[in-house]
There are 4 protein chains.
Amino acid sequence: MKNTFGNSISVTLFGESHGKAIGAVLDGLAPGIEVDEEFIKNILARRRPVGAISTARREPDNFEIVSGVFYGKTTGTPICIVIPNTDTRSGDYSAMRSVARPSHADYTAYCKYHGFEDARGGGHFSGRITAALCAAGAILLSALNKKGIYIATHIKSIGEVSDREFGDLDSDITKLSNMDFAVLDDSMVNAMISEITDAKNEGDSIGGVLETAVVGMPTGVGEPWFDSTESLLSHALFSVPAIKGVEFGAGFAISKMRGSQANDPFYMDGECIKTKTNNSGGINGGITNGMPIVFRCAVRPTPTLMAEQQTVDFKNKCDTTLAAAGRHDPCIVHRARTVIDCVTAITLSDMLASRFGTDWLGEK
Amino acid sequence: MKNTFGNSISVTLFGESHGKAIGAVLDGLAPGIEVDEEFIKNILARRRPVGAISTARREPDNFEIVSGVFYGKTTGTPICIVIPNTDTRSGDYSAMRSVARPSHADYTAYCKYHGFEDARGGGHFSGRITAALCAAGAILLSALNKKGIYIATHIKSIGEVSDREFGDLDSDITKLSNMDFAVLDDSMVNAMISEITDAKNEGDSIGGVLETAVVGMPTGVGEPWFDSTESLLSHALFSVPAIKGVEFGAGFAISKMRGSQANDPFYMDGECIKTKTNNSGGINGGITNGMPIVFRCAVRPTPTLMAEQQTVDFKNKCDTTLAAAGRHDPCIVHRARTVIDCVTAITLSDMLASRFGTDWLGEK
Amino acid sequence: MKNTFGNSISVTLFGESHGKAIGAVLDGLAPGIEVDEEFIKNILARRRPVGAISTARREPDNFEIVSGVFYGKTTGTPICIVIPNTDTRSGDYSAMRSVARPSHADYTAYCKYHGFEDARGGGHFSGRITAALCAAGAILLSALNKKGIYIATHIKSIGEVSDREFGDLDSDITKLSNMDFAVLDDSMVNAMISEITDAKNEGDSIGGVLETAVVGMPTGVGEPWFDSTESLLSHALFSVPAIKGVEFGAGFAISKMRGSQANDPFYMDGECIKTKTNNSGGINGGITNGMPIVFRCAVRPTPTLMAEQQTVDFKNKCDTTLAAAGRHDPCIVHRARTVIDCVTAITLSDMLASRFGTDWLGEK
Amino acid sequence: MKNTFGNSISVTLFGESHGKAIGAVLDGLAPGIEVDEEFIKNILARRRPVGAISTARREPDNFEIVSGVFYGKTTGTPICIVIPNTDTRSGDYSAMRSVARPSHADYTAYCKYHGFEDARGGGHFSGRITAALCAAGAILLSALNKKGIYIATHIKSIGEVSDREFGDLDSDITKLSNMDFAVLDDSMVNAMISEITDAKNEGDSIGGVLETAVVGMPTGVGEPWFDSTESLLSHALFSVPAIKGVEFGAGFAISKMRGSQANDPFYMDGECIKTKTNNSGGINGGITNGMPIVFRCAVRPTPTLMAEQQTVDFKNKCDTTLAAAGRHDPCIVHRARTVIDCVTAITLSDMLASRFGTDWLGEK
């Protein structure tokens, strides 16, 4: 269903970049879950542009929860979060109206909506909509933490510059939760930022890879067919703008392995069943096996460039060129990281509520 | 919803590897679509083991369409396809009953189904269930062809051996439709088969990558949020056993690109809007742009090995080892290719029926 | 979704009256639920025509469970039940091919399926499809009983002849479970059967009302908006052929009441909260209140009549008349009763699984 | 799915009576549909209390469309409508906090939400939420009109006072569209209002029946199983608070008919196939037959009474009594009529978009 995702717990997104407001309706939550507005603000702040490497658009992301929360706790009824749009300069985009930004949604939106779309600032396709997704996801991130489930994403690479692998997940996740630019190896931060500023200075943009780990998921969640853990997560992840690849565990590298290398040997750790390696990313046959869920997302470079690009005017059906004015991120990898955390929280919460019932997430 | 996928057109799977039958219910098809049982047989034959590189299990996949088809055409009501299980030797699997095959679903099935699962031959997790998926998908592959939409998958790599890139898609797709071992560069076939037989001879298994192209999709199909083309395809693809990564267009490689390299410049080809490159894989903002849809799937090596592996007995909670008896594929990449074609056909048909109405797929 | 109903637990129907088989796929059940084939047979026998007042078509309803059950218990994976069609005399219906039976689905099926429908014996619209629904429902009826939830339906009226009201529900439900012709007041059975045979002798048919009670439902199940208990039940009930009205508690009679009469006063029965009357039918604000769920369904007279009726030939677009040959029930009220029990079981089981998790129905 | 209804076109409701705002997200609309805010205001005005027979609560229902509409037309992306709550006097309800109003949702909400619910003014169960439903429905009512589909509801009865039957539907529907108190026979208005004021003067409330007609629906819409036209409409209608019965065509009266009376004989009206009677309410086999869709809804008397009622304190588990303070309607039949029109518009639009594609409703 179009702008709605989830079965037991669902999120519905609305809004356009330069309309009155964007927002989300989060439904199906257990009653009694704590909603900490400060925590939501922190998550939104992590998603917001920081410093020289991000768009100059400054919007405080002041959200308002208009329903579903009473005395700081979920009521069990739908939570509507509204984020007003304040800092919108529509003039910047007017020239783009029928000139398609290459690899952006301008042309496909026109194919689908026949010119009735509100194309200002990317409209409903704008990355800004992810602020609403993060506000909703923040509530679930916090609720999952209380159930012992922790999610964290680091910047695996920006262009050719790579972070280290995940190591001790408990300490890595703690470390990441406090970072704006989420890199495990502090010595790589400057190199990554250089990569971004280089691209920016050339009117260009740059992509990267995000890697996510989830610890604490119960075993036995997910379905063998169609609603496998990978299926549901990838469904949500691929709806995040700019994601062009998703891989679990060893991912594409597993295709070059022998089974004897790829298989994760089980062993007893006291009473616990664990695996020595985690090439499966915590999922066997679509179902969680109790090991950390690990996946990576490929993030494409932002399509909107200051440099001139060849394109077409899709209304007048002629070739033309385009150099973007407006304010655009040269890289969204470090921001997308928070969005990935949040859609992961939404997806896993939904799976858990389907599995264990609608009260589960609110139970002590 | 568990074993059902799709909104306007849906498929529901049932069956266990060593039960009475497996099958699928395909619902929501337009009335009047031709159902050619010979074509379905050919698709099923492509999925079946061939020669020395596949499992010794020989089952003719004799399917029976018990509803929804009348005088060779769809009626518009649900099509149930039943494939009886005939060649099952359950004894082979009895020793595995509580000893988990590493990276297989034995242990997670037990976590989810508490020991009530029919674990014989992988039960409901068996790759055999994909025969039903292929029978259903074959009907849609054929229906899409009549609407000018063609889908083909080739073996991009087996282990370290790679096929060439897609070239002229029209001729490549035609070529692939006639092949059992779907490789574009004929000179690579033997090297790939050697890779597989090497693994087999060592009691081991091997993975690979499948690459799929779809030509003829209309523009303007897919949704910006949650039901993006990538989201729906990946949802279906990740439910195919052994798939651990999915990437569209340039995929993970795009993460190392600058925007100026990654962007696909639009140009006018007569009255048609096309792009010079296709790093986006035919999808912008989640919506089809009229260029070929291109994606790759990482296929893990089969987890069941003849060689001894370390594992646990999950009922008795102790460490143990396991060497599989039974009949198992050393590689499923060449077989999974047909499954990928079929789930792609199901997913795209569903999207088209949602977009253009329930009669569309049956219209001349 | 077309032929599928349910969220956590779903049923998918397939088949045509004179095709190879009809059947159902029941998915989402907890593992470990006992499946008693004798119980299913009894439920199917209750749905089957009995004696002179029913169609002469005699079909044993031999069902086969081809998946999802292992050693007499659910595995947790989809249960496919296939019921082969054996006693089909298609010749009977050939003359009807383009002459619409008034108030039957012949004409609307043609509007929807454009002539590709398998119209023999009502095709996919045939009441026969309810045999598959009952086989699936029987599994859930039995599972609910083990959880202390009991469902029973009696014939409230046939034409102008009425049964008594429900009295002591425990004994009434026990009584009904053993009856083929489910009437609480034994003295009314003959009058009802006379009503049916009178109609039959005149080549006519007759309708009636069914009343259902459910005891043992937990409180707090159902949703305020859209998925209210009434909404979900009526959705399922109105898909049973011939149902034209559904009312809960006092139903339409409540429209003539004052609030002071209609309201059900709460009182403490020991530690239990109960209501003195049950005009709400066990549901307040869409949510179960712990009192018995009570509803009634209006069943129309069978549309197929031996007597001549005025109608049209919808292919040749001309007026004509029709007198049915073939074998048809003069009344389906007493048979529909079992179907109502079964769809009620399916709907409530789905609601309970959504509320309490997928394992709940299988737990001791 | 909880507070969301619809497949192709969906509506999601949020909000509590005394929270910050209520609202709806309407998704899946074709682009280019005209959105006339004056028309929406008129529909909301019809739903609002009028004069002495309604609650004294006066709220202007000032709605704001925050997304999905651009230059007065739908963009094709989600439309979020927010209606702020302004006139809320929470103090009035405080005494009710744990004393259940008989037949209201106070107790069942507590069972479901464990005391975390915002119970002020009925919270999420309040009839006020229907204002959001009507704002969303108004957009579709208007869009359907442009496609030649008209929906109207009249007050069939208040208590024992009845309106006349529907006659010439074209003129009846036109007449009703201009009325605040929707009665076909003007001479019955005073008698109905007396019935309401009598109840009010006694601190009591009164119920009634609403009858709805839809003209202009295409043939061939709806599904034989589970998503029959009756199933989808009743699903939506039973989620409207206070509805306890729904019947189509002759409804419960058909249960007393012979088939020869109940059947609607087909005849040719020029090139058109029509039926002489419409006991089927425009639906055969769950599918529209081109005749007007006709149904009736039983509306219960408002449960909140000024007169003292016997009840329990569900937190303290003791018997007690309750006489409501606050402002409450003695009758909601005349107001519910607009809600019925709107949920009918939503349901039929969804069915049409599923059948004919997502662009259909916006096409000229």
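Residues numbered from 1 in each chain as written. Chains lettered and ligands numbered in written order. Predicted model: local features only at pLDDT ≥ 70, side-chain atom pairs only at ≥ 80, totals over all residues. Heavy atoms only, no water.

Peer 1: What am I meant to see in the overall build of chain A here?
Peer 2: Secondary structure assignment for chain A yields eight helices and 18 strands. Computed over the C-alpha atoms, the radius of gyration of chain A is 21 Å, within 12% of the 21 Å expected from 2.2 N^0.38 for a compact globule of 364 residues. By its C-alpha atoms, chain A is 65 × 50 × 40 Å across when sized along the principal axes. The proportion of buried residues among the 364 residues of chain A is 69%. Within chain A, contacts between residues at least 6 apart in sequence are counted, and of these 71% link residues at least 24 apart. About 10700 Å² of surface is accessible on chain A, with carbon and sulfur atoms providing 49% of the total. Between the centroid of the 35 positive side chains of chain A and the centroid of its 43 negative side chains there is a distance of 3 Å. (Helix = DSSP H or I, 4+ residues; strand = E, 2+ residues; numbered from the N terminus. Rg over C-alpha atoms; globule rule 2.2 N^0.38 Å. Buried < 20%, exposed > 50% of the residue type's maximum accessible area, 1.4 Å probe, protein only. Contact = heavy atoms within 4.5 Å. Areas by Shrake-Rupley, 256 points an atom, 1.4 Å probe, with all protein chains shown as cover. Lys, Arg positive; Asp, Glu negative; His and termini not counted. Charge placed at Lys NZ, Arg CZ, Asp CG, Glu CD.)

Peer 1: What's the story with the pairing of strand β10 (residues 208-215) of chain C in this structure? I'm lost.
Peer 2: Side-chain positions along a regular strand alternate between the two faces of the sheet. Residues and elements named next belong to chain C. Extensive coverage of β10 is indicated by the burial of eight of its eight residues. By the alternation rule, side chains of β10 split into Gly208, Leu210, Thr212 and Val214 and Val209, Glu211, Ala213 and Val215, which are all buried. In the sheet, strand β8 (residues 150-158) pairs with β10 via eight bridges, with the strands oriented antiparallel. Bridging across to β10, Ser157 finds its partner in Val209. Examined bridge by bridge, β10 and strand β16 (residues 293-299) share seven bridges and lie antiparallel to one another. Looking at the pairing, Val209 lines up with Ala298 of β16. (Pairing = 2+ DSSP bridges.)

Peer 1: Would you mind showing me how to read the layout of surface pockets here?
Peer 2: If a probe as big as a water molecule is rolled over the atoms, it shows which places are left empty. In this structure, the largest pocket occupies an estimated 780 Å³ of space. Lining the largest pocket are 33 residues, and of these Glu247(B), Ala250(B), Phe252(B), Ala253(B) and Arg296(B) sit closest to its centre. Every element with two or more residues in the lining of the largest pocket is listed here: β8 (150-158) of chain A together with β8 (150-158), β10 (208-215) and β16 (293-299) of chain B. Considering each element in turn, the lining of the largest pocket owes the most residues, three residues, to β10(B). (1 Å grid on protein atoms, 1.4 Å probe; cavity = no way out; pocket = protein on both sides within 12 Å on 5 of 7 lines; lining within 4 Å. Points joined across faces, edges and corners; volume = space filled by probe spheres on them.)

Peer 1: How should the sheet that holds strand β8 (residues 150-158) of chain D be read in this particular structure?
Peer 2: Sheet strands associate in pairs through backbone hydrogen bonding, adopting either a parallel or an antiparallel arrangement. If you walk across this open sheet you meet the 10 strands as β9(C)-β8(C)-β10(C)-β16(C)-β11(C)-β11(D)-β16(D)-β10(D)-β8(D)-β9(D), and the pairing is antiparallel. Whereas interior strands pair on both sides, the edge strands pair on one side only; in this sheet they are β9 (161-162) of chain C together with β9 (161-162) of chain D. Pairing between β8(D) and β9(D): two bridges, direction antiparallel. In the sheet register, Ile158(D) faces β9(D), and the bridge partner there is Val161(D). In the packing of helix α5 (residues 189-201) of chain C onto the sheet, the strands contacted are β8 and β9 of chain C, and the crossing angle to β8(C) comes to about 60 degrees. (Axes fitted to C-alpha atoms, helices over the stretch in contact; angles between N-to-C directions.)

Peer 1: What's the story with the side chain of Asp341(D) in this structure? I'm lost.
Peer 2: Residues and elements named next belong to chain D. Here Asp341 is to be found in helix α8 (residues 333-356). Among the polar contacts made by the side chain of Asp341, one reaches the side chain of Thr153 at a distance of 2.5 Å. Those residues in contact with Asp341 that sit more than four places away from it in its chain are Arg46, Leu141, Ile151, Ala152 and Thr153. (Polar contact = N/O pair within 3.5 Å; in protein donor to acceptor, adjacent residues only side chain to side chain.)

Peer 1: Sorry if this is basic, but what is going on with the interface of chain D and chain C here?
Peer 2: How big an interface is tends to be stated in terms of accessible area lost as the parts join. On the side of chain C, 105 residues touch chain D, which itself brings 105 residues to the contact. Carbon and sulfur atoms make up 58% of the surface buried where chain D meets chain C, a total of about 8700 Å² over both sides. Among the residues of chain D in contact with chain C, Trp225(D), Phe226(D) and Lys244(D) are the three that bury the most area, contributing 12% of the side total. On the surface where chain D and chain C come into contact, there are eight salt bridges. Linking Asp204(C) and Arg258(D) is a salt bridge whose minimum nitrogen-to-oxygen distance equals 4.0 Å. At the junction of chain D with chain C, the criterion picks out 57 residue pairs in polar contact (both at pLDDT 80 or more). When residues of the side of chain D that touches chain C are assigned to their parent elements, the largest contribution, six residues, is made by strand β11 (residues 243-248) of chain D. As defined by bridge partners, strand β11 (residues 243-248) of chain C adjoins β11(D) across three bridges and the pair is classed as antiparallel. Pairing of Glu247(C) across the sheet is with Gly245(D), part of β11(D). (Buried area = accessible area lost by both parts, 1.4 Å probe. Salt bridge = Lys/Arg side-chain N within 4 Å of Asp/Glu carboxyl O.)

Peer 1: Would you take a moment to explain the interface of chain A and chain D for this structure?
Peer 2: Each side of the interface is counted separately: chain A has 44 residues, and chain D has 44 residues. Linking Glu64(D) and Lys20(A) is a salt bridge whose minimum nitrogen-to-oxygen distance equals 3.7 Å. Along the contact surface separating chain A from chain D lie 10 residue pairs in polar contact (both at pLDDT 80 or more). Where the side of chain A that touches chain D is concerned, the elements lending two or more residues are β2 (10-15), β3 (21-27), β4 (64-65), β6 (73-74) and α2 (106-113) of chain A.

Peer 1: Before we go on, may I ask you to explain the environment of Thr277(A) in this structure?
Peer 2: All names here are of chain A. Locating Thr277 in the fold gives a position in the loop between β13 (272-275) and β14 (283-284). Each C-alpha atom, one on Thr277 and one on Thr108, is 43 Å from the other, the two residues being 169 residues apart in sequence. Among all residues touching Thr277, those that are not within four sequence positions of it are Asn263, Asp264 and Pro265. Here Asp264 takes part through its side chain, which lies 2.5 Å from a polar atom of the side chain of Thr277.

Peer 1: Which parts of the structure should I look at to understand the pattern of salt bridges?
Peer 2: Pairing between side chains of opposite charge can happen when their charged atoms approach one another. Scanning the entire structure with this criterion turns up 83 salt bridges over all chains. Among the ionic pairs, Asp269(D) bridges to Lys274(D), the shortest N-O distance being 2.7 Å. Here Lys274(D) falls in the partly exposed class, since its relative accessible area comes to 29%. Each of Arg47(A), Arg48(A), Asp61(A) and Arg128(A) takes part in salt bridges that share partners, so that together they form one network.

Peer 1: I'm lost on the relation of the copies chain D and chain C in this one. Help?
Peer 2: Superposing the two chain copies requires a rotation about an axis and a translation along that axis. Under the fitted operation, chain D is carried onto chain C by 0.0 Å of movement along the axis and a turn of 180 degrees, and the coordinates agree to an RMSD of 0.0 Å. Expressed as an axis order, the relation between the two copies is that of a two-fold axis. A symmetric contact is evident, with 100% of the interface residues of chain D recurring at the interface of chain C. (Least-squares fit on C-alpha atoms with pLDDT ≥ 70 in both.)

Peer 1: What is the right way to look at the packing of helix α3 (residues 130-146) of chain C against helix α8 (residues 333-356) of chain C in this model?
Peer 2: Geometrically, a packed helix pair is captured by the angle between its two axes and the distance between the axes. Residues and elements named next belong to chain C. Orientation of α3 relative to α8, taken along the N-to-C sense of each, is 55 degrees, at an axis distance of 8 Å. Classified by the interaxial angle, the pair formed by α3 and α8 is oblique. Pair α3 / α8 crosses with left-handed handedness. Taken together, the residues of α8 that come into contact with α3 (itself represented by Thr130, Leu133, Cys134, Gly137, Ala138, Leu140, Leu141 and Leu144) are Thr338, Val339, Asp341, Cys342, Val343, Ala345, Ile346, Ser349 and Leu352. In the contact of α3 with α8, the residues fall into 12 nonpolar, four polar and one charged. (Parallel < 35°, antiparallel > 145°, perpendicular 65-115°, else oblique. Left-handed = near helix turned anticlockwise from the far one by under 90°. Nonpolar A, V, L, I, M, F, W, Y, C, P; charged D, E, K, R; others polar.)

Peer 1: Help me out: how do you make sense of the pairing of β11(C) in this one?
Peer 2: Residues and elements named next belong to chain C. Of all the six residues making up β11, six are buried; the element is thus mostly covered by neighbouring parts of the structure. Strand direction decides the pairing type here: β11 and β16, joined by five bridges, are antiparallel. What sits directly across from Ile243, in β16, is Val299.

Peer 1: What should I look at first to understand the sheet that holds strand β7 (residues 79-84) of chain C in this one?
Peer 2: Residue and element names in this part refer to chain C. The strand order β1-β2-β3-β7-β4 describes an open sheet built from five strands, whose pairing is antiparallel. The open sheet is flanked by β1 (4-5) and β4 (64-65), the only strands paired with a single partner. One ladder, built from six bridges, connects strand β3 (residues 21-27) with β7; its direction is antiparallel. Looking at the pairing, Ala21 lines up with Pro84 of β7.

Peer 1: Before we go on, may I ask you to explain the packing of aromatic side chains in this structure?
Peer 2: One pair of aromatic rings is described through two measures. These are the centre distance and the angle between the planes. Following the criterion strictly, the structure yields 38 aromatic pairs over all chains and no others. On the numbers, 5.7 Å between centres and 20 degrees between planes, the contact of Phe5(C) with Phe226(D) is stacked. Highlighted residues: Phe5(C) in strand β1 and Phe226(D) in the loop between β10 (208-215) and α6 (229-237), drawn from two different chains. When its relative accessible area of 1% is taken as the criterion, Phe226(D) is described as buried. Taking 4.7 Å as the distance between ring centres and 55 degrees as the angle between the ring planes, the aromatic pair formed by Phe70(C) and Tyr71(C) counts as tilted. With relative accessibility at 14%, the residue Phe70(C) sits in the buried group. When its relative accessible area of 76% is taken as the criterion, Tyr71(C) is described as exposed. Every member of this aromatic cluster is reached through a ring pair, and the members are Tyr107(A), Tyr110(A), Phe314(A) and Phe266(B). In this structure, Lys276(A) packs its charged tip against the face of Tyr267(A), placed 5.9 Å from the ring centre. The positively charged end of Lys147(D) is found above the aromatic ring belonging to Trp360(D), 4.3 Å away from the centroid. (Phe/Tyr/Trp six-rings, centres within 6.5 Å; stacked < 30°, edge-to-face > 60°. Lys NZ or Arg CZ within 6 Å of the ring centre and 35° of its normal.)

Peer 1: I tried to follow the relation of the copies chain A and chain D on my own but got confused; where do I start?
Peer 2: The two copies are related by a screw operation: chain A maps onto chain D through 180 degrees of rotation and 0.0 Å of translation along the axis, at an RMSD of 0.0 Å. Comparing interface residues between copies, 100% of those in chain A also sit at the interface in chain D, which points to an isologous, same-surface contact.

Peer 1: So what exactly am I meant to see when it comes to α8(C) here?
Peer 2: Three- or four-residue spacings in an α-helix give side chains the same orientation, since the helix completes a turn every 3.6 residues. Residue and element names in this part refer to chain C. A rise of 1.5 Å per residue sets the reference length of α8, with its 24 residues, at 34 Å; its end C-alpha atoms lie 34 Å apart and thus fit the reference within 8%. In terms of burial, α8 is a largely internal element, 23 of the 24 residues being buried. One or two residues past the end of α8 sits Gly357, with phi positive at roughly 100 degrees. (Expected span 1.5 Å × (residues − 1).)

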